[in-house]
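If you want the building blocks of each chain, they are given just below.
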Amino acid sequence: MRAHEAGALHAHGYGGPPQWLPYPRDVNELLPQLWPASTDRDEQGRLTVAGLDVVSLARDFGTPAYVMDEADFRARARSFVTDFAAPFEELGCGLDVYYAGKAFLCTQVARWVADEGLGLDVCTGGELAVAQRAGFPGERIGMHGNNKSMAELEAALSYPRAGGGTGVGRIVLDSFDEIERIAAIAGRLGVSAPVMVRVTVGVEAHTHEYIATAHEDQKFGFSLAGGHAAKAVAAVLEHPQLDLLGLHSHIGSQIFDAAGFEVAAQRTIGLHREVRRRHGLTLPELDLGGGFGIAYTSEHAPPALAQMSRQLAETVARECRAEGLEAAQIPRVSIEPGRAIVGPSTFTLYEVGTVKAVELDRGTRAYVSVDGGMSDNVRTALYEADYSCTIANRAGQGPPMLSRVVGKHCESGDIVVMDEYLPADLRPGDLIAVPGTGAYCRALSSQYNHVPRPPVLAVRDGHARVLVRRESVADLLALDVEG
Ligand SMILES: *Cc1c(COP(=O)(O)O)cnc(C)c1O
């Protein structure tokens, strides 16, 4: 059921709060799993992050604003290269972590990613341009995407490297058309293209469940069951300009359950084995993609990363043993987390404009309008994502009131937070903070209704700075051609 389908909202709305949302003991409580690590309330009840209170942030930078805790982002990135990698180091194959830039990317964040020792996963020429401006090392960039243009492939192969030479570290191939295209470009440029083959393994994973089928009805990759993946490998090997590094699989997003990854790894390593048998080639790399889930509300309890990685490493070890590989032949594993690094590092700060009581069949719901909406966070409207929020400029004094936080756009589906309890004394001018908005919010933002997009602020050690500035009315008009 989708929020924009007629009736869906009503079926959900008139029955009162959803089952997962408990009536809060304390309407001002902050659930630590939802917020950047440094978030707290000061003695006046104001929300603080990295030692800064949000009232000052709103005064200095305006609302709405995305507020990103730099230390939190870096710590999450680092925990992938240390904690997540540990079981793979023990296994002897090691692990590379590529931050999925599509979740959120800007020049400064690309530099943080490089500093913390991660690679960068891009999927367009635009994302590659950010990497280049940040001076991101080419050999640590991966590029995927199901329809990379000639210009994008050429840009990837010509990406300047610091120590001389050119090209990104890996290009993930997604179609037979692309195999021919990249071979031609590499030939023309006189370079060798390091490539991986994206395999669709017939696993679709969401949060708590996964579905394993033989076939996948989707646009990405080469089907394993249909034999296309094996044919793609053979086609790549026919081109001397292409250097086949390994196989790549990505099964979904916001996943809590390691079982889907395990089936994907098992099937991908199955092809790895077939490549060895048929071509006498032991591919050195194996990419298991991203999709690690985070908590958006109290209903979500993602597993610890260490547990997830141990399970994955065990699967890789078991499947490689079954293939008869010696320890030194186990491919180096890579993963591509986006959301799990940037999502929880950020909250969106809004100002309340209106509070309106709407009668339901059972009780009332407060519709709280804020100064942003689906232009800065489309996930609720797009796929019924759940968020939570809290009053941020003070502690609320009133009892919890069932609320829906909505934006200022001309769509009834313009909802930021579907269901949350906010204090009954909430009033225009109060600030609201919505946690977990680091991933796929600024990245999917729009100028709908000609609303300028909010800035992205980084906070660290009591200081705030702008990573991406707020759009102005001049920006909104900049592309209109006159006369
Ligand atoms: C989207 C995507 C990712 C990142 O997914 P998250 O859910 O943000 O971790 C990684 N790899 C590929 C190929 C993707 O398309």
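Each value, and the rule that gives it
Residues numbered from 1 in each chain as written. Predicted model: local features only at pLDDT ≥ 70, side-chain atom pairs only at ≥ 80, totals over all residues. Heavy atoms only, no water. Patch = residues over 30% accessible without salt bridge, like charges linked within 9 Å, V, L, I, M, F, W, Y side chains within 5 Å. Areas by Shrake-Rupley, 256 points an atom, 1.4 Å probe, with all protein chains shown as cover. Salt bridge = Lys/Arg side-chain N within 4 Å of Asp/Glu carboxyl O. Helix = DSSP H or I, 4+ residues; strand = E, 2+ residues; numbered from the N terminus. Phe/Tyr/Trp six-rings, centres within 6.5 Å; stacked < 30°, edge-to-face > 60°. Buried < 20%, exposed > 50% of the residue type's maximum accessible area, 1.4 Å probe, protein only. Disulfide = S-S within 2.5 Å. Pairing = 2+ DSSP bridges. Axes fitted to C-alpha atoms, helices over the stretch in contact; angles between N-to-C directions. Parallel < 35°, antiparallel > 145°, perpendicular 65-115°, else oblique. Left-handed = near helix turned anticlockwise from the far one by under 90°. Contact = heavy atoms within 4.5 Å. Nonpolar A, V, L, I, M, F, W, Y, C, P; charged D, E, K, R; others polar.

(A) The arrangement of a nonpolar patch on the surface in detail. Residues Leu-382, Tyr-383 and Leu-444 make up a contiguous nonpolar surface patch of roughly 230 Å² in combined accessible area. Here Leu-444 lies in the loop between β22 (431-435) and β23 (456-460).

(B) Layout of the packing of aromatic side chains. In total, this model carries 11 aromatic pairs according to the counting rule given. Relative to Tyr-99, the ring of Phe-73 lies with its centre 5.6 Å away and its plane at 75 degrees, an arrangement referred to as edge-to-face. Here Tyr-99 lies in strand β5 (residues 95-100) and Phe-73 lies in helix α3 (residues 70-84), a separation of 26 residues in the sequence. Take Phe-73 and Tyr-99: they sit in the same class, and that class is buried. Taking the centre distance of 5.3 Å and the plane angle of 65 degrees together, the rings of Phe-84 and Phe-292 count as edge-to-face. With Phe-84 in helix α3 and Phe-292 in the loop between β15 (285-287) and α11 (305-322), this pair connects stretches of sequence that are 208 residues apart. Put simply, the rings of Phe-80, Phe-84, Phe-88, Phe-261 and Phe-292 pair up and form one aromatic cluster.

(C) How the structure looks around the state of the cysteines. With the rule as written, the count across this model stands at zero disulfides. The closest cysteine sulfur to the non-disulfide-bonded Cys-389 is located on Cys-441, 14 Å from its own sulfur. For Cys-389, a relative accessible area of 6% corresponds to the buried category.

(D) Structural view of the sheet that holds strand β2 (residues 47-49). One open sheet holds the three strands; their spatial order is β1-β2-β3, and the pairing between them is antiparallel. One side of each edge strand has no neighbouring strand; the edge strands of this open sheet are β1 (40-41) and β3 (52-53).

(E) Just the packing of helix α9 (residues 228-237) against helix α10 (residues 258-279), in detail. Two elements in contact, α9 and α10, have axes separated by 11 Å at closest approach and are oriented at 45 degrees. With respect to α10, the axis of α9 lies oblique. When you trace α9 past α10, the crossing you get is right-handed. On α10, the residues touching Ala-229, Ala-230, Val-233, Ala-234 and Leu-237 of α9 are Leu-271, Glu-274, Val-275, Arg-278 and His-279. Class assignment of the residues belonging to the contact of α9 with α10 gives a composition of seven nonpolar, one polar and two charged.

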